[in-house]
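Listed here are the chains, written in short residue letters.
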Amino acid sequence: MSARALEPHQKELFGQPIGLYILFLTEMWERFSYYGMRALLVLYMTTQTIGDARGPGLGWTDKEALALYGWYTMLVYVMSIPGGMIADKLIGQKKAVLVGAIILCLGHGVLILTDIWAFYTGLGLVILGVGFLKPNISTMVGGLYKEGDIRRDKGFSIFYIGINLGSLLATMVVGGVVAKWGWHAGFGLAGIVMVLGLINYIAGQKYLKDVGNFIPNKDDENEVSYIELYSKLFKSPAQLLYAGVLLVASLIGWYFMDWGYGLLFLFLTAIASLLMMIYKDLNTQVFKDRFLVLLLSFIMVIIFWGAFEQAGGLMNLYTETNTNRDFFGLFTIPTVMFQSLNAGFIILFATLVAGIWAKRKLKGKEASSLFKMALGIIIMGFGFLFMVCAVIEFEKSGTSSMIWLVLAYLFHTIGELCISPVALSFITKLAPVKYASLMMGVYFAASGLGNKVAGIVGESASEFGELTIFAGIVIFTVIIGILFILILGPLKRLTHGAEESERVLKHEEAEGFELADN
Ligand code: GLN
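What comes next concerns the included structure. (Residues numbered from 1 in each chain as written. Predicted model: local features only at pLDDT ≥ 70, side-chain atom pairs only at ≥ 80, totals over all residues. Heavy atoms only, no water.)

### With respect to the packing of aromatic side chains
- Scanning all chains against the criterion turns up 27 aromatic pairs.
- Here Tyr279 and Phe291 contribute two aromatic rings whose centre-to-centre distance is 6.4 Å and whose plane-to-plane angle is 35°, an arrangement assigned as tilted. Note that Tyr279 is positioned in helix H9 (residues 259-281) and Phe291 in helix H10 (residues 285-308), a separation of 12 residues in sequence.
- With centroids separated by 5.4 Å and ring planes inclined at 20°, the aromatic side chains of Phe304 and Phe308 adopt a geometry described as stacked. Placement of the pair is Phe304 and Phe308 together in helix H10, with a separation of four residues, close to one helical turn.
- Aromatic ring contacts, followed pair by pair, group Tyr34, Tyr35, Tyr72, Tyr77, Phe298, Tyr443 and Phe444 into a single cluster.
- Taking NZ or CZ as reference, Lys89 lies 5.0 Å from the ring centre of Tyr226, over its face. (Phe/Tyr/Trp six-rings, centres within 6.5 Å; stacked < 30°, edge-to-face > 60°. Helix = DSSP H or I, 4+ residues; strand = E, 2+ residues; numbered from the N terminus. Lys NZ or Arg CZ within 6 Å of the ring centre and 35° of its normal.)

### Remarks on the site of the ligand
- Within the structure, the ligand sits among Arg31, Tyr35, Tyr77, Lys134, Tyr160, Ile163, Trp305, Glu416, Tyr443, Phe444 and Ser447.
- Here an oxygen atom of the ligand sits 2.8 Å away from a polar atom, N or O, in the side chain of Arg31.
- A distance of 2.4 Å is found between an oxygen atom of the ligand and a side-chain nitrogen or oxygen belonging to Lys134.
- Considering the ligand on its own, with 300 Å² of exposed area, one finds that the protein chains cover 98% of that surface.
- Looking at the shell around the ligand, the elements that each hand over two or more residues are helix H1 (18-46), helix H5 (151-181) and helix H15 (436-459).
- Broken down by element, the shell around the ligand gets its largest block of residues, three residues, from H15. (Near = heavy atom within 4 Å. Polar contact = N/O pair within 3.5 Å; in protein donor to acceptor, adjacent residues only side chain to side chain. Areas by Shrake-Rupley, 256 points an atom, 1.4 Å probe, with all protein chains shown as cover.)

### So, the nonpolar core
- Among the nonpolar cores identified, the biggest contains 150 residues, and Phe119, Leu438 and Tyr443 are the most heavily contacted of them.
- The leading source of residues in this core is H1, at 17 residues.
- With residues near it in sequence (within four places) discarded, Leu438 still touches Ile81, Gly84, Met85, Asp88, Tyr226, Leu274, Leu275 and Ile278. (Core = buried A, V, L, I, M, F, W, Y, C linked by side-chain atoms within 4.5 Å. Buried < 20%, exposed > 50% of the residue type's maximum accessible area, 1.4 Å probe, protein only. Contact = heavy atoms within 4.5 Å.)

### Some remarks on the pattern of salt bridges
- If you walk through the whole model with that rule in mind, you get six salt bridges.
- Residues Arg38 and Glu309 are paired through a salt bridge, measuring 2.6 Å at the closest nitrogen-oxygen approach. Residue Arg38 is found in helix H1, and its partner Glu309 is found in the loop between H10 and helix H11 (314-322); the two are separated by 271 residues along the sequence. The same class applies to Arg38 as to Glu309, namely buried.
- Across the pair Lys232 and Asp281 runs a salt bridge whose closest N-O atoms are separated by 2.9 Å. With a gap of 49 residues between them, Lys232 in helix H7 (residues 226-233) and Asp281 in helix H9 connect regions that are remote in the sequence.
- Using a relative accessible area of 30% as the deciding quantity, one classes Lys232 as partly exposed.
- Residue class for Asp281 comes out partly exposed when judged on its relative accessible area of 25%.
- Taken together, the salt bridges that share partners define one network made up of Glu27, Glu30, Arg31 and Lys134. (Salt bridge = Lys/Arg side-chain N within 4 Å of Asp/Glu carboxyl O.)

Purely geometric stuff here, so don't read any function into it on its own.
What follows is the structure, encoded as structure tokens:
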């Protein structure tokens, strides 16, 4: 029997579908542009309008800059919900990624201009572009594997390395570009790189033939539109009551806070109502339980990123103002470069951490995704102990050593490796297929809310002091992680063995699928 010639999208490289590497590279360039720009943002906003070699900044206070930074980094991910919905119901993930990449090129392009309108427009477009691209490219990675394919977790670890390679390159290069040519050259570089991402994605389409396509479910009688789900809300007294309570709470929140929070609360009420209706509409208890466990795991996600994301805000400012960045008297390390530590550590340790789990799996002692996520919170939380040391040293001697930052970022990274790629893979295992992108969107929105929490916590440092904030984070995260480990048994039961049957799939078995059908 002669072997059939494989089509491009069926070919493998190092045991993984070639499509994975196309998505890896696209996401690498996208993350380069995102993290390159993000590393500059707070510094650009707080730089004075005159007298800085890098060109005029916006001259804002730390508090103002951190507030905008919190909103921006939240919205970037919250927009993943509409991005995911549009992909699920209208265009499929593949086109959504394309649309997102084009919008991102425009957004980063606009940021080259120095006017303030260009600043806000550019940020707006980046928010929209990431919303389209980020959840959908991640769901596409899951779509490369069939249910039960043991290569999925590893695929996500590889993809995660791509994310961080982009971030590492950006944070290493952008600081130097800005020092030499000014802020807007840094923003411009992000734009050029995004164009590379777009070209790479378009050129790699033949390897992605079976993934991320839109499948209209017109003949599926179980298919319900989001509008229908909302209209069903009015026929479900219990859900209507919960939605009503949330609505009132949102309006009260709006009254006491500003309109930004008001809109956010209303948006969250709308999403929570939709999720309740999806839950009610799912047709088996297995789907319902898995849906519930996903939502519960998102609580961990919010807490994790709420602490972790001090990196771009408070820790970034701390590095700039309180850390001795002198490199053996030779030169001063630019603050932006410290943002590379996280990405560098990911690249160094991603395979190691994935390897530890894989070894345990072979011994039949595989830890569940939920356990890894809880452990990730605890490890990351411990990282803040080193920031506590940094503050104590600063209070004693007026400066603090870089080593504390290095150790903090090391622990943060190991924690991130336990939670983030694991969660991405977990979602593609547990989410009902017709809501795959939406659930990925909700995951990113949860991380976006975490970013906002991080902003609020970071801002409050000007009131409570850095020591209280860093120590508070250690205590809170460790307690939450332990609590989740304590309720692991019941949570795992709700997954109905979604992770217990993973095995090596033969090529023929892995053919002809669209998404991980659960
Ligand atoms: N470092 C991850 C990325 O850029 C984190 C994303 C997130 O979930 N907030 O993809």
